[in-house]
Protein chains: 2
Amino acid sequence: MTKITHYSPVVIDVVESLSDLDCAVVPQENTIFGSVVETYNALRILQHGFIRGEITLEIQHCLVTRKGVGLSDIDCVMSHEQALGQCRGFLSKHLPNASRKKMDSTAAAAEALLRSPDGLKSAAICSKVCVTMFEGLQMLYEGIQDEKINFTRFYVLAKNHCTKLPQLPAPCTHALFRITRISTDSPKMSIIFEALEIDMEVTRVDRRPKVSNIPFQDVHFIEVKRSTNEDSHWTQSVDCATGRIQSMGVEAQVLGIW
Amino acid sequence: MTKITHYSPVVIDVVESLSDLDCAVVPQENTIFGSVVETYNALRILQHGFIRGEITLEIQHCLVTRKGVGLSDIDCVMSHEQALGQCRGFLSKHLPNASRKKMDSTAAAAEALLRSPDGLKSAAICSKVCVTMFEGLQMLYEGIQDEKINFTRFYVLAKNHCTKLPQLPAPCTHALFRITRISTDSPKMSIIFEALEIDMEVTRVDRRPKVSNIPFQDVHFIEVKRSTNEDSHWTQSVDCATGRIQSMGVEAQVLGIW
């Protein structure tokens, strides 16, 4: 796998855990904060792993401290950057002078309250379940995210496209393509989209900088869903679409079918 | 302007400064870190302001401290999150245990070294020019970004499309559309792209969550450049493309022509 250094260690660790485990779950998109950059950075270099499902969960962020610590004691708030981003309004209003500290995950922030020398001056933004997972913590506020409608959608990754997972939807209706226009005379975006949308519909387009020495080159991630009602042949449809795009001189890989 | 709470105050402040100033410059995209989320969040609600130009600058991040502070003294690194992201490799190698503190800008981080009680235990990631701007600072390392090829592209905003700016390219060749598919029976992406690409070419597609109560609705930002060699009528071409898209029942606004 190509070594790059600018991604969150957590998402890439989860993806790399597929060498030992049967499946891994990574956050794809949040309704407030948008696409999860670290996940798309990891998908840029994904070679071993295949998306086989999706899960959408409602997110309720809580402000958690060590027992006995009150709002006026807090001069630092720790969490994953997505959670810090989703609670900006609450933090601006209630803790405008507290610094923000990015952690690898919301659970890591909760745990750090108990380990850190600054634990008596800090709070974590995390899930309610952390208060029962880690003894010595208390919840000060529940549901502190700016938007009360807050969902995160996750991709479920398996080792490869043959891995059997429980509770897979049948039949499959989604796919994710990774597409790179490699030369300046590559076809226009509308031609690529038209080649895809013969029997599917583009639902998400994300782009990340390509890991290369040429500035402003992009990798596109195009998620599609089936637009016909036929029950079968989805895998074949996805393969045909890939072939059509590759025949135009565009790099295309299928990163998932679910 | 619709009030939303989850954007960086700095980018939105810059955009709002157009009520007093003739032009404003906001970062659009970096070659390592990708699109600047705060800028696209501000563009979601842009009503007063119009993109009239672009600038691309090479970025050289430096590690700066107060005079006399060495690498082993540093337990906190402050900067804008984009700069922290662009220097992750350096920080992991040289300051693995230092916390990261997000600031509103790289210059604000440099200034905070002189004001903060933790200034003797902190470093800032900022431009070299900060060492001459703020007396009492020194540069420990220069060019610490992970990728040595590091450019940021900026949009130049004016009050409106009639504002005269110096050094505008003539003739104009670029435009940015904000597009929202408002119903589930909206046309497919390929149809929208085809309507655009009659005499232009899509160069960038970005999406952000729409500010609404319906989860997973998107706003798309589609940047185009002229694909014909004709010298004139670019504004008219952009207006015609907007009309074609609106006639399909898709919301479309032109956010800039340059």
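Residues numbered from 1 in each chain as written. Chains lettered and ligands numbered in written order. Predicted model: local features only at pLDDT ≥ 70, side-chain atom pairs only at ≥ 80, totals over all residues. Heavy atoms only, no water.

### Observations concerning the overall build of chain A
Moving on, step 1. Of the regular secondary structure elements, chain A holds eight helices and 13 strands.
Moving on, step 2. Taken along its principal axes, the extent of the C-alpha atoms in chain A is 65 × 40 × 35 Å.
Moving on, step 3. Evaluated residue by residue, chain A yields a buried proportion of 53% over its 258 residues.
Moving on, step 4. Put simply, of all contacts in chain A between residues at least 6 apart along the chain, 76% involve residues at least 24 apart.
Moving on, step 5. Counting every atom, chain A has about 11,400 Å² of accessible surface; 52% of that belongs to carbon and sulfur.
Moving on, step 6. Looking at chain A, you have 27 positive and 30 negative side-chain charges, and the mean spots of the two groups are 4 Å apart. (Helix = DSSP H or I, 4+ residues; strand = E, 2+ residues; numbered from the N terminus. Buried < 20%, exposed > 50% of the residue type's maximum accessible area, 1.4 Å probe, protein only. Contact = heavy atoms within 4.5 Å. Areas by Shrake-Rupley, 256 points an atom, 1.4 Å probe, with all protein chains shown as cover. Lys, Arg positive; Asp, Glu negative; His and termini not counted. Charge placed at Lys NZ, Arg CZ, Asp CG, Glu CD.)

### A few points about the interface of chain B and chain A
Moving on, step 1. With 50 residues of chain B in contact, the opposing surface of chain A contributes 51 residues.
Moving on, step 2. Together chain B and chain A conceal approximately 4,300 Å² of surface at their shared face, both sides included; 53% is due to carbon and sulfur atoms.
Moving on, step 3. Counting across the chain B and chain A interface gives four salt bridges.
Moving on, step 4. Notably, a salt bridge pairs Glu29(B) with Arg207(A), separated by 2.9 Å at the nearest N-O pair.
Moving on, step 5. If you look at where chain B meets chain A, you find 16 residue pairs in polar contact (both at pLDDT 80 or more).
Moving on, step 6. For the side of chain B that touches chain A, the elements supplying multiple residues, two or more each, are β1 (23–30), β2 (34–35), α3 (81–86), α4 (88–94), β6 (99–102), β9 (151–158), α7 (189–196) and β11 (200–209) of chain B.
Moving on, step 7. Take the side of chain B that touches chain A: its biggest share by element is ten residues, from β11(B).
Moving on, step 8. Its residues assigned to classes, the side of chain B that touches chain A shows 15 nonpolar, 16 polar and 19 charged. (Buried area = accessible area lost by both parts, 1.4 Å probe. Salt bridge = Lys/Arg side-chain N within 4 Å of Asp/Glu carboxyl O. Polar contact = N/O pair within 3.5 Å; in protein donor to acceptor, adjacent residues only side chain to side chain. Nonpolar A, V, L, I, M, F, W, Y, C, P; charged D, E, K, R; others polar.)

### Let's talk about the domain arrangement of chain A
All names here are of chain A.
Moving on, step 1. You can read the domains of chain A as domain 1 (1–58 + 150–165), domain 2 (62–142) and domain 3 (169–258).
Moving on, step 2. Computed over C-alpha atoms only, the centres of domain 1 and domain 2 are separated by 25 Å.
Moving on, step 3. With ten residues of domain 1 in contact, the opposing surface of domain 2 contributes seven residues.
Moving on, step 4. Taking both partners together, domain 1 and domain 2 bury about 670 Å²; carbon and sulfur atoms supply 52% of that area.
Moving on, step 5. Sorting the residues of domain 1 by area buried against domain 2 places Val10, Phe33 and Glu38 first, and these three jointly supply 61% of that buried surface.
Moving on, step 6. Linking domain 1 with domain 2 are zero salt bridges, by the criterion used here.
Moving on, step 7. On inspection of domain 1 and its partner domain 2, the count reaches two residue pairs in polar contact (both at pLDDT 80 or more).
Moving on, step 8. Among the secondary structure elements, those contributing two or more residues to the side of domain 1 that touches domain 2 are α1 (9–16) and β2 (34–35).
Moving on, step 9. A per-class count over the side of domain 1 that touches domain 2 returns five nonpolar, four polar and one charged. (Domains from an automatic or database assignment.)

### Here's the deal with a nonpolar patch on the surface
Moving on, step 1. There is a patch of nonpolar side chains on the surface, built from Val25(A), Ile55(A) and Leu57(A) and spanning about 220 Å² of accessible area.
Moving on, step 2. By relative accessible area, Val25(A) is classed as partly exposed at 38%. (Patch = residues over 30% accessible without salt bridge, like charges linked within 9 Å, V, L, I, M, F, W, Y side chains within 5 Å.)

### A short note on the pattern of salt bridges
All names here are of chain A.
Moving on, step 1. In the structure shown here, the tally under the stated rule is 18 salt bridges over all chains.
Moving on, step 2. Glu81 is the salt-bridge partner of Lys102, the closest N and O atoms lying 3.6 Å from each other. Here Lys102 is found in strand β6 (residues 99–102), whereas its partner Glu81 is found in helix α3 (residues 81–86), with 21 residues between them in sequence.
Moving on, step 3. Residue Lys102 is classed as partly exposed on the basis of its relative accessible area, which comes to 23%.

### Things to note about the relation of the copies chain B and chain A
Moving on, step 1. When chain B is fitted to chain A, the residual RMSD is 0.0 Å, and the transformation amounts to a turn of 180° plus an axial shift of 0.0 Å. Each copy turns onto its partner about a two-fold axis. (Least-squares fit on C-alpha atoms with pLDDT ≥ 70 in both.)

### Concerning the confidence of the model for chain A
Any residue range with low pLDDT should be treated as having predicted coordinates unsuitable for detailed reading.
Moving on, step 1. Taken over all residues, the pLDDT of chain A has a mean of 89, while the share at 70 or more is 95%.
Moving on, step 2. A low-confidence stretch, residues 1–9 of chain A stays under pLDDT 50, and its non-local contacts, those more than four residues away or across chains, total 24 contacts. (pLDDT = per-residue confidence, 0-100.)

### Concerning helix α7 (residues 189–196) of chain A
Residues spaced three or four apart along an α-helix face the same direction, because each turn holds 3.6 residues.
Moving on, step 1. Counting buried residues in α7(A) gives six out of eight residues, a clear majority hidden from the surface.
Moving on, step 2. Among the residues of α7(A), those classed as buried are Met189(A), Ser190(A), Ile192(A), Phe193(A), Ala195(A) and Leu196(A).

### Topic: a negative patch on the surface
Moving on, step 1. On the surface, Asp75(A), Asp118(A), Asp75(B) and Asp118(B) cluster together into a patch of negative charge.
Moving on, step 2. Mapping Asp118(B) onto the fold places it in the loop between α5 (106–115) and β7 (122–126).

### Regarding α5(B)
All names here are of chain B.
Moving on, step 1. What α5 keeps buried is the set Ala109, Ala110, Ala112 and Leu113. Viewed along the axis of α5, the buried residues span an arc of 160°, placing them on a single side of the element.
Moving on, step 2. Buried residues belonging to α5 abut β4 (62–66), β5 (76–79), β7, α6 (129–133) and β8 (137–142). (Arc of directions from axis to C-beta.)

### Quick word on the pairing of β7(B)
Residue and element names in this part refer to chain B.
Moving on, step 1. Within β7, five of the five residues are buried, which leaves the element mostly enclosed by the surrounding structure.
Moving on, step 2. Side-chain alternation along β7 places Ser122, Ala124 and Cys126 on one buried face and Ala123 and Ile125 on a second face that is also buried.
Moving on, step 3. With three bridges connecting them, β4 and β7 associate as antiparallel partners. Paired with Val64 across the strands is Ala124, a residue of β7. (Pairing = 2+ DSSP bridges.)

### Re the environment of His61(B)
Residue and element names in this part refer to chain B.
Moving on, step 1. Mapped onto the fold, His61 is located in the loop between β3 (50–58) and β4.
Moving on, step 2. Sequence separation between His61 and Leu84 is 23 residues; the distance between their C-alpha atoms is 9.6 Å.
Moving on, step 3. Discounting chain neighbours no more than four positions away, the residues touching His61 are Ala83, Gln86, Cys87, Ile125, Cys126, Glu142, Gly143, Ile144, Gln145 and Asn150.
Moving on, step 4. One polar contact links His61 to Gln86, side chain to side chain, over a distance of 2.6 Å.

### Structural notes on the packing of aromatic side chains
Residues and elements named next belong to chain A.
Moving on, step 1. Applying the stated criterion across every chain yields a total of seven aromatic pairs over all chains.
Moving on, step 2. When the centroid spacing of 5.1 Å and the interplanar angle of 70° are considered together, the rings of Phe90 and Tyr141 count as edge-to-face. Taken together, the residues Phe90 in helix α4 (residues 88–94) and Tyr141 in strand β8 (residues 137–142) connect sequence positions 51 residues apart.
Moving on, step 3. A residue is classified by how much of its surface remains accessible, and Phe90, at 10% relative accessible area, is buried. (Phe/Tyr/Trp six-rings, centres within 6.5 Å; stacked < 30°, edge-to-face > 60°.)

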